[in-house]
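Report on the structure
Residues per chain are reported as follows:
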Amino acid sequence: MEQWRGKIAVVTGSSSGIGAAIVVELAKSGLVVVGLARRVEKTEALKQHLTQNVRKNLHAVKCDVSKEADVLGAFEWVNSSLGGIDVMINNAGVLRETRLIDANNSVPIREVVDTNILGLVWCTREAYQSMKRRGVSGHIININSIAGHHIPFVGDLMQSVNIYGPTKYAVTAITEVTRQELLRDDSKVKITSISPGAVDTEILDFAKFNIPVLKSEDVAKSVLYVLSTPPHVQVHELMIKPVGERF
């Protein structure tokens, strides 16, 4: 991780769960971290998990990634205040309780699509443009899901994965399309998809169903792993599951 010390990382969905764990791990590893979240006060509160000399390297910025104007404003702040982006962690994602065939479900369906797909695309675009302008060999990491590779039967967990699964399939495809675009751009920027299985986060309460789960810190450590690879190594896809997972 030494090559990233002092570099600028942007993490979306930083207020809780996987995003919060990534923010803390990156800051502890010496990066300057910008956490983007709607609940900006929760990102700010993560400083209590950092030593006094590291807290100054965590910046909390209010941003709803489903709104392009918010994304543009946040990245303008990063570029003007910190000089640009070196590492982009697309973590923000939502899941809503509905079914594709339910009546009057346009609002929750759009919320998931706008956050999980469009928000990721807007942030990737702005991060890459910052890297390209500065000639930086940066790294873009998409926090995906096993649901982006097969649709799990969720049984009693919820009625349906509805549009969430298809949006994660989109993340898998977007990762590969971005890789090809970077190749055609003759860029040394890396892109990685990390696909965890069940994780104990706010998005779904797995614990009450007594099934094996990963911790947010497990996913954060996987981010450190892919970032620590040498310049000629690109981890394109990393799938991690808790032992005993049946999905």
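Structure shown above.
This write-up is about the structure you can find in this document. Quick caveat: nothing in here was measured; it's all calculated off a predicted structure.

Secondary structure summary: the protein contains seven helices and seven strands in total. For the protein, whose C-alpha radius of gyration is 17 Å, the value lies close to the compact-globule estimate of 18 Å for 247 residues. Going through the 247 residues of the protein one by one, you find that 53% of them count as buried. A separation of at least 24 residues holds for 72% of the contacts in the protein among residues at least 6 apart in sequence. When the accessible surface of the protein is summed, it comes to about 11,700 Å², and 52% of that surface belongs to carbon and sulfur atoms. Counting 28 positive and 26 negative side-chain charges, the protein places the centres of these two groups 4 Å from one another.

So, on to helix 6 (residues 164-184). The periodicity of an α-helix, 3.6 residues per turn, causes residues three or four positions apart to be oriented the same way. Given a rise of 1.5 Å per residue, 21 residues ought to cover 30 Å, and the 30 Å separating the end C-alpha atoms of helix 6 matches this to within 8%. All buried positions along helix 6 are accounted for by Tyr164, Gly165, Thr167, Lys168, Ala170, Val171, Ile174, Thr175, Thr178 and Leu182. Next to the buried residues of helix 6 lie helix 5 (106-134), strand 5 (139-143) and strand 6 (190-196). Backbone geometry just after helix 6 places Asp186 at a positive phi near 55°.

Another point: the nonpolar core. In terms of nonpolar packing, the biggest core is built from 33 residues, with Ile22, Leu26, Ile89, Ile143 and Val223 touching the most fellow members. Contributions of two or more residues to this core are made by strand 1 (8-12), helix 1 (17-28), strand 4 (87-90), strand 5, helix 7 (216-227) and strand 7 (237-240). Ranked by the residues each element gives to this core, the list is headed by helix 1, at eight residues. Setting aside chain neighbours within four positions, we find Leu26 in contact with Met1, Ala9, Val11, Leu31, Val33, Ile89, Val223, Leu224 and Leu227.

This part is about the packing of helix 5 against helix 6. Running from N to C, helix 5 and helix 6 cross one another at 15°; their axes reach a closest spacing of 9 Å. Considering the angle they form, helix 5 stands roughly parallel to helix 6. Between helix 5 and helix 6 lies a crossing of right-handed hand. The segment helix 5 lies against helix 6, with Val112, Val113, Asn116, Ile117, Leu120, Val121, Thr124 and Tyr128 engaging Tyr164, Thr167, Lys168, Ala170, Val171, Ile174, Thr178 and Leu182. For the contact of helix 5 with helix 6, a count of residues per class yields eleven nonpolar, four polar and one charged.

By the definition in use, this model includes one cavity of 30 Å³ or more. Looking at the largest cavity, its volume works out to about 70 Å³. As for the largest cavity, its lining consists of Thr12, Val65, Asn90, Asn91, Ala92, Thr115, Asn116, Gly119, Leu120, Ile143 and Lys168. If you tally residues by element for the lining of the largest cavity, the top one is helix 5, at four residues. Residue composition of the lining of the largest cavity, grouped by class: four nonpolar, six polar and one charged.

Attention shifts here to the layout of surface pockets. A volume near 1,000 Å³ is recorded for the largest pocket. In terms of lining, the largest pocket is formed by 46 residues, of which the most central are Gly93, Val94, Leu95, Thr201 and Ile203. Taken together, the elements giving at least two residues each to the lining of the largest pocket come down to helix 1, strand 2 (32-37), helix 5 and helix 6. Residues of the lining of the largest pocket, tallied by class, amount to 24 nonpolar, 14 polar and eight charged.

Time to look at the environment of Ile203. Within the fold, Ile203 resides in the loop between strand 6 and helix 7. In this structure Ile203 touches Gly93, Val94, Leu95 and Tyr164, once residues within four positions along its chain are discounted.

Criteria and cut-off values
Per chain, residue numbering runs from 1 following the sequence as it is written. Where local features are concerned, this predicted model is filtered to residues with pLDDT of at least 70; where side-chain atom pairs are given and counted, the filter is 80 or more; whole-chain, interface and lining totals use all residues. Each side-chain value is derived from all of the structure's non-hydrogen atoms; neither hydrogens nor water enter the calculation. Labels follow the DSSP assignment, with helices taken as runs of H or I lasting at least four residues and strands as runs of E lasting at least two, numbered in each case from the N terminus. The size measure is the radius of gyration over C-alpha atoms, and the globule rule it meets is 2.2 Å times the number of residues to the 0.38 power. The cut-offs for exposure are 20% and 50% of the maximum accessible area for each residue type, with area from a 1.4 Å probe on protein chains only; residues under the lower value are buried, those over the upper are exposed, and the others partly exposed. Pairs of residues are marked as contacts when any of their non-hydrogen atoms sit within 4.5 Å. The accessible surface values rely on the Shrake-Rupley method and a 1.4 Å probe; as for residues, cover is taken only from the protein chains in view. Think of it this way: Lys and Arg go in the positive column, Asp and Glu in the negative one, and His and the chain ends go nowhere. Lys charges are placed at NZ, Arg charges at CZ, Asp charges at CG and Glu charges at CD. In this analysis, the expected span of each helix is defined as 1.5 Å times one less than the number of residues it contains. Among buried residues, those of type Ala, Val, Leu, Ile, Met, Phe, Trp, Tyr and Cys that are joined through side-chain atoms within 4.5 Å constitute a nonpolar core. Throughout, an axis means a line fitted to C-alpha atoms (over the contacting stretch in the case of helices), and angles, computed between N-to-C directions, take values from 0 to 180 degrees. The labels follow the angle: roughly parallel below 35 degrees, roughly antiparallel above 145, roughly perpendicular from 65 to 115, and oblique for the rest. Two helices cross in a left-handed way if the nearer one is turned anticlockwise from the farther one by less than a right angle. They cross in a right-handed way if the turn is clockwise. As a working rule, the residues Ala, Val, Leu, Ile, Met, Phe, Trp, Tyr, Cys and Pro are called nonpolar, Asp, Glu, Lys and Arg charged, and the rest polar, with Gly in that last group. A cavity here means a set of points on a 1 Å grid, drawn over the protein atoms and nothing else, where a 1.4 Å probe fits but cannot get out; a pocket is an open set with protein on both sides within 12 Å along at least five of seven lines, and a residue lines either one if it has an atom within 4 Å of a point. Grid points are joined across faces, edges and corners, and a volume is the space filled by probe spheres set on the points.

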